[in-house]
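Listed below, chain by chain, are the residues.
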Amino acid sequence: MKPSKVSLVQVKDYQQEHLNSGLKKGLNLLGGIQHIINPHSRVFVKINHLSPPSPPEKAIVTHPSFTREVLGILKSLSCHITVGDDIQYKGKDRFHTSGYQKICDEMEVELINLKEAGFRKIKCNGKHLKSIYISPPILESDHVINLPKLKTHSFTIFTGAVKNMYGVIPYGLRLQYHKQFSLPSEFSEMLVDIYSCVPPCLSIMDGINSMEGEGPSSGNPRKTNVILISEDGVALDAVASQIVGLDPISVYSTQDAHQRGVGVGDLKKIQILGEEISRIKTRDFKHSAVAVGIIQRRIPQILHSFIQNQLTFIPEVIPKKCTSCMECIDICPTAAAQIVNGKAWIEQNKCIHCMCCHEVCQFHAIKLKNQPMGLLIRKASHWKQKISRLLRFQRD
Ligand code: SF4
Ligand code: SF4
């Protein structure tokens, strides 16, 4: 497999001039955008939006100012551009709160909620999926550009370029897959199936204000001040996860995509251009459910499902924070989340621990509770990491 290239550029903030020079520098390191995107071509730009809509400062969505600068670069090539994601929303919000409506209006580019354009069935020669449904604006484009946000994920540990392409399939199917692929490893393999069916020609990651803790929506913004660009989204994820202190191969989607040859997940085979990774690396970045992915692969196969079960977080509603907005009820794939006495409530024996309810609750009314054995394992893992960091520090 030939080495993949990832450009790494430090960017201070979302000010237009900083973004513009950072993006141009990163693209030039890869040989320039004109070598990747044909002038006058039809380009679909896949943002990471998530529902319910949220303001950019929460670091849930790809920052609209970041996307605006990417659109400016594409416009300089006279591309016909469509920006979109598949989102659920109530009322009139759609893409307003996130700032996307405003920037797309200003840039005079089409902004679509994929469900409004419908979906078409295509073949998928994946490990799990034999067909998938994709929206026509994506299928009819000449190029797909992927704009993921650097975030932790309470189910898959990390979300980046591969996971961002999950949003190209219909919402109902996403719920079904959460139910069908209830282990993070299987779920991540299914993500690779989708990514390989709709491979973006370019991934540009917003890692300026990232999310740590309980991502992808209930974590905390964390400045990481970096833009990553690559034609290989798997390589980009490998570098991004290393920046936030995760072993790239501990991210199941990176491991699986690398093994299948969908992309390069081995840092030794990735050429990093621009900044050195050691200068960008963020110490003490808080991960989510780190043990679920990392410990699981170090134990014998026979114990996997037991440990997996113990490490699973139990979602619980905090009644005084719950506004009964119904978002968790609507998204729950198994109807485990219900409204009881005017507040959300989770029927635990129906719950498959997909964390979708936690992801959509903008009021932080769903906490993730450790199971007793899971707590012990996590504490042991936490102390092991602290001790090895200390030993490394003494050695250095
Ligand atoms: S738990 Fe959160 S998402 Fe669910 S109804 Fe309450 S406020 Fe809404
Ligand atoms: S209650 Fe939450 S974690 Fe459990 S199945 Fe429903 S959405 Fe998933």
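Residues numbered from 1 in each chain as written. Chains lettered and ligands numbered in written order. Predicted model: local features only at pLDDT ≥ 70, side-chain atom pairs only at ≥ 80, totals over all residues.

Turning to the overall build of the protein, a few remarks are in order. Each helix and strand counted, the protein has 16 helices and 16 strands in total. Here the C-alpha radius of gyration of the protein, 20 Å, is about what a compact globule of 396 residues would show, namely 21 Å. With the C-alpha coordinates aligned to their principal axes, the bounding extent of the protein is approximately 55 × 55 × 40 Å. Taken over 396 residues, the protein has a buried fraction of 48%. Pairs at least 24 apart in sequence give 74% of the contacts found in the protein among residues at least 6 apart. (Helix = DSSP H or I, 4+ residues; strand = E, 2+ residues; numbered from the N terminus. Rg over C-alpha atoms; globule rule 2.2 N^0.38 Å. Buried ≥ 20, exposed ≤ 12 C-beta atoms within 10 Å, placed from the backbone. Contact = placed C-beta atoms within 7 Å.)

Let us look at the site of ligand 1. Around ligand 1, the structure places 14 residues, and the nearest of them are Cys-322, Cys-325, Cys-328, Ala-344 and Cys-361. Looking at side-chain class alone, the shell around ligand 1 contains 11 nonpolar, 2 polar and 1 charged residues. (Near = placed C-beta within 6 Å. Nonpolar A, V, L, I, M, F, W, Y, C, P; charged D, E, K, R; others polar.)

Along the polypeptide, Lys-46 turns up in strand 2 (residues 42-47). When the 27 C-beta atoms within 10 Å are taken as the criterion, Lys-46 is described as buried. If near-sequence neighbours (up to four positions away) are discounted, Lys-46 is found in contact with Gly-84, Asp-85, Val-144, Asn-146, Leu-147, Asn-164, Met-165, Gly-167, Val-168 and Pro-200.

Time to look at the domain arrangement of the protein. It is common to give the size of an interface as the accessible area that goes away when the parts come together. If you check the domain split of the protein, you get domain 1 (4-280) and domain 2 (314-369). For domain 1 and domain 2, the distance between their C-alpha centroids amounts to 27 Å. Contact residues are listed per partner, giving 15 residues for domain 1 and 15 residues for domain 2. Its residues assigned to classes, the side of domain 1 that touches domain 2 comprises 4 nonpolar, 9 polar and 2 charged. (Domains from an automatic or database assignment.)

Bringing the pairing of strand 10 (residues 202-212) into the picture now. Within strand 10, 11 of the 11 residues are buried, which leaves it mostly tucked inside the rest of the structure. Examined bridge by bridge, strand 7 (residues 143-147) and strand 10 share 2 bridges and lie parallel to one another. Among the inter-strand pairings, Ile-145 is bridged to a residue of strand 10, identified as Leu-202. Sheet topology places strand 10 next to strand 11 (residues 220-230); 9 bridges connect them, and they run antiparallel. By the bridge assignment for strand 11, Ser-203 is matched with Ser-230. (Pairing = 2+ DSSP bridges.)

A few words on the packing of helix 8 (residues 184-197) against helix 10 (residues 252-260). For the pair helix 8 and helix 10, interaxial distance at closest approach is 8 Å and the crossing angle is 55 degrees. Overall, the two elements helix 8 and helix 10 adopt an arrangement that is oblique. Helix-helix and strand crossings are classified by hand; for helix 8 and helix 10 the assignment is right-handed. When helix 8 is examined against helix 10, the residues Pro-184, Ser-185, Ser-188, Glu-189, Leu-191, Val-192 and Tyr-195 are found in contact with a partner set consisting of Tyr-252, Ser-253, Asp-256, Ala-257 and Arg-260. For the contact of helix 8 with helix 10, a count of residues per class yields 6 nonpolar, 3 polar and 3 charged. (Axes fitted to C-alpha atoms, helices over the stretch in contact; angles between N-to-C directions. Parallel < 35°, antiparallel > 145°, perpendicular 65-115°, else oblique. Left-handed = near helix turned anticlockwise from the far one by under 90°.)

This part is about unusual backbone geometry. In this structure, Pro-52 follows Ser-51 across a cis peptide bond, with omega equal to -5 degrees. For Pro-52, the location among the structural elements is in the loop between strand 2 and helix 2 (64-75). The phi dihedral of His-40 is positive, around 70 degrees, even though this residue is not glycine. Mapped onto the secondary structure, His-40 falls in the loop between helix 1 (16-29) and strand 2. Positive phi outside glycine occurs at Ala-59, with the angle close to 65 degrees. For Ala-59, a count of 27 C-beta atoms within 10 Å puts it in the buried group.

Within soluble globular proteins, side chains that are nonpolar generally end up buried alongside one another. Formed by 98 residues in total, the largest nonpolar core has its most connected members in Ile-194, Ile-227, Leu-228 and Val-239. Tallying contributions element by element places helix 9 (residues 233-243) first for this core, with 7 residues. Mapped onto the domain boundaries, this core takes at least three residues apiece from domain 1 (4-280) and domain 2 (314-369). Beyond its immediate sequence surroundings of up to four residues, Ile-227 is in contact with Val-9, Val-11, Gly-22, Leu-23, Gly-26, Ile-204, Met-205, Gly-207 and Ile-208. (Core = buried A, V, L, I, M, F, W, Y, C linked by C-beta atoms within 7 Å.)

Attention shifts here to the environment of Glu-316. Its location among the elements puts Glu-316 in strand 13 (residues 314-317). Those residues in contact with Glu-316 that sit more than four places away from it in its chain are Ile-346, Ile-366, Lys-367 and Lys-369.

This paragraph deals with helix 10. Burial of helix 10 is extensive: 7 of the 9 residues sit out of reach of the surface. The set of residues buried in helix 10 consists of Tyr-252, Ser-253, Thr-254, Gln-255, Asp-256, Ala-257 and His-258. Directly beyond the C-terminal end of helix 10, a positive phi value near 80 degrees is found at Gly-261.

For the pair helix 2 and helix 3 (residues 100-107), interaxial distance at closest approach is 10 Å and the crossing angle is 20 degrees. Comparing their axes, helix 3 and helix 2 come out roughly parallel. In this structure, the crossing between helix 2 and helix 3 has a hand that is right-handed. Residues Pro-64, Thr-67, Arg-68, Leu-71 and Lys-75 of helix 2 lie in contact with helix 3, whose contacting residues are Tyr-100, Ile-103 and Met-107. Broken down by class, the residue content of the contact of helix 2 with helix 3 amounts to 5 nonpolar, 1 polar and 2 charged.

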